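# Understanding the architecture of this molecule
Chain residues, written in single-letter form:
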Amino acid sequence: MDGINKEKAQQEYEQYVKEVTPTHNLWLQMAKAFVTGGIICCIGQGILNYGASQGLDKQTAGSWCSLLLVLLSVLLTGFGLYHKIVKWGGAGALVPITGFANSVAAPAIEYKAEGQVFGIGCKIFTIAGPVILYGIFSSWVLGMIYWILKQMGIC
């Protein structure tokens, strides 16, 4: 009798998991990510075009574009709107520079009640820290490989 109860409990659990597990439409998710990322890129391109029309060189306009996109992302994060954009647009909102700014700002805002040092200072890079660490480390490794290959006359 015990084995039958276990099977029934297992079937009930599997049915429960099926009911509460959200189903996702892959094509719809990809379309939403495409639209969201496209809108962010169009905003960036608009900033670049405006900078160029004001007489800024390409590099300065690009710097202003990055700065303003990061500022916009942090402001939207602070007002609790960026999370809604990410929930709708998925990777389209997380991949660009705005997603990186959000990943730095969100923990800082979340842990500000714990104080400047143990809240913001300790938690600000919980998400972005590994990205920065491995980005710097991998660029160093690739730089060393390039330097060695150049010393050997291969590059």
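Conventions adopted
Residues numbered from 1 in each chain as written. Predicted model: local features only at pLDDT ≥ 70, side-chain atom pairs only at ≥ 80, totals over all residues. Heavy atoms only, no water. Helix = DSSP H or I, 4+ residues; strand = E, 2+ residues; numbered from the N terminus. Rg over C-alpha atoms; globule rule 2.2 N^0.38 Å. Contact = heavy atoms within 4.5 Å. Areas by Shrake-Rupley, 256 points an atom, 1.4 Å probe, with all protein chains shown as cover. Lys, Arg positive; Asp, Glu negative; His and termini not counted. Charge placed at Lys NZ, Arg CZ, Asp CG, Glu CD. Axes fitted to C-alpha atoms, helices over the stretch in contact; angles between N-to-C directions. Parallel < 35°, antiparallel > 145°, perpendicular 65-115°, else oblique. Nonpolar A, V, L, I, M, F, W, Y, C, P; charged D, E, K, R; others polar. Patch = residues over 30% accessible without salt bridge, like charges linked within 9 Å, V, L, I, M, F, W, Y side chains within 5 Å. Salt bridge = Lys/Arg side-chain N within 4 Å of Asp/Glu carboxyl O. Buried < 20%, exposed > 50% of the residue type's maximum accessible area, 1.4 Å probe, protein only. Expected span 1.5 Å × (residues − 1). Phe/Tyr/Trp six-rings, centres within 6.5 Å; stacked < 30°, edge-to-face > 60°.

## Notes on the overall build of the protein chain
Within the protein chain one finds eight helices and zero strands. The linear arrangement of helices and strands in the protein chain, starting from the amino end, is α-α-α-α-α-α-α-α. The globule rule puts the C-alpha radius of gyration for 155 residues at 15 Å, and the 23 Å found for the protein chain is more than 25% above it. Each of the three principal axes of the protein chain carries a C-alpha extent, and together these read 80 × 45 × 40 Å. Look at the contacts in the protein chain between residues 6 or more apart in sequence, and 51% of them connect residues 24 or more apart. In the form shown here, the protein chain has an accessible surface area of approximately 11,800 Å², with 69% of it arising from carbon and sulfur atoms. Taken together, the 10 basic and 8 acidic charged side chains of the protein chain have centroids lying 12 Å from each other.

## Points about the packing of helix 6 (residues 97–110) against helix 8 (residues 128–151)
Where helix 6 meets helix 8, the closest approach of the two axes is 9 Å, and the angle between their N-to-C directions is 125°. Taken together, the axes of helix 6 and helix 8 lie oblique to each other. Seen from helix 6, the contacting residues are Phe100, Ser103 and Val104; seen from helix 8, they are Ala128, Val131 and Ile132. The residue inventory of the contact of helix 6 with helix 8, partitioned by class, reads five nonpolar, one polar and no charged.

## Some remarks on a nonpolar patch on the surface
Together, Leu133, Tyr134, Phe137, Trp140, Met144, Trp147, Ile148, Met152 and Ile154 make up an exposed nonpolar region whose accessible area comes to about 1,000 Å². Relative to the elements of secondary structure, Trp140 occurs in helix 8. The exposed category is assigned to Trp140, whose relative accessible area is 53%.

## Quick look at the environment of Ala106
Here Ala106 is to be found in helix 6. Judged by its relative accessible area of 27%, Ala106 falls in the partly exposed class.

## Structural notes on the packing of helix 2 (residues 26–53) against helix 4 (residues 82–89)
With their axes 8 Å apart at the nearest point, helix 2 and helix 4 run at an angle of 135° to one another. By the criterion of interaxial angle, the relationship of helix 2 to helix 4 is oblique. Across the interface between the two elements, Lys32, Ala33, Val35, Thr36 and Ile40 from helix 2 touch Tyr82, Ile85, Trp88 and Gly89 from helix 4. Looking at the contact of helix 2 with helix 4 residue by residue, the classes come out as six nonpolar, two polar and one charged.

## Notes on the environment of Ala31
Here Ala31 is to be found in helix 2. Ala31 gets classed as partly exposed once you look at its relative accessible area, which sits at 38%.

## Remarks on helix 8
Taking 1.5 Å per residue as the helical rise, helix 8 with its 24 residues ought to reach 34 Å, and the 34 Å between its terminal C-alpha atoms agrees with that figure. Looking one or two residues beyond helix 8, the residue adopting positive phi is Gly153, at roughly 80°.

## Considering the packing of aromatic side chains
Per the stated rule, a full pass over the model turns up one aromatic pair. Ring centres 6.3 Å apart and planes at 25° place the aromatic pair Phe137 and Trp140 in the stacked group. Of this pair, Phe137 and Trp140 both sit in helix 8, three residues apart, which is roughly one turn of that helix.

None of the figures reported here should be taken as evidence of function without further support.
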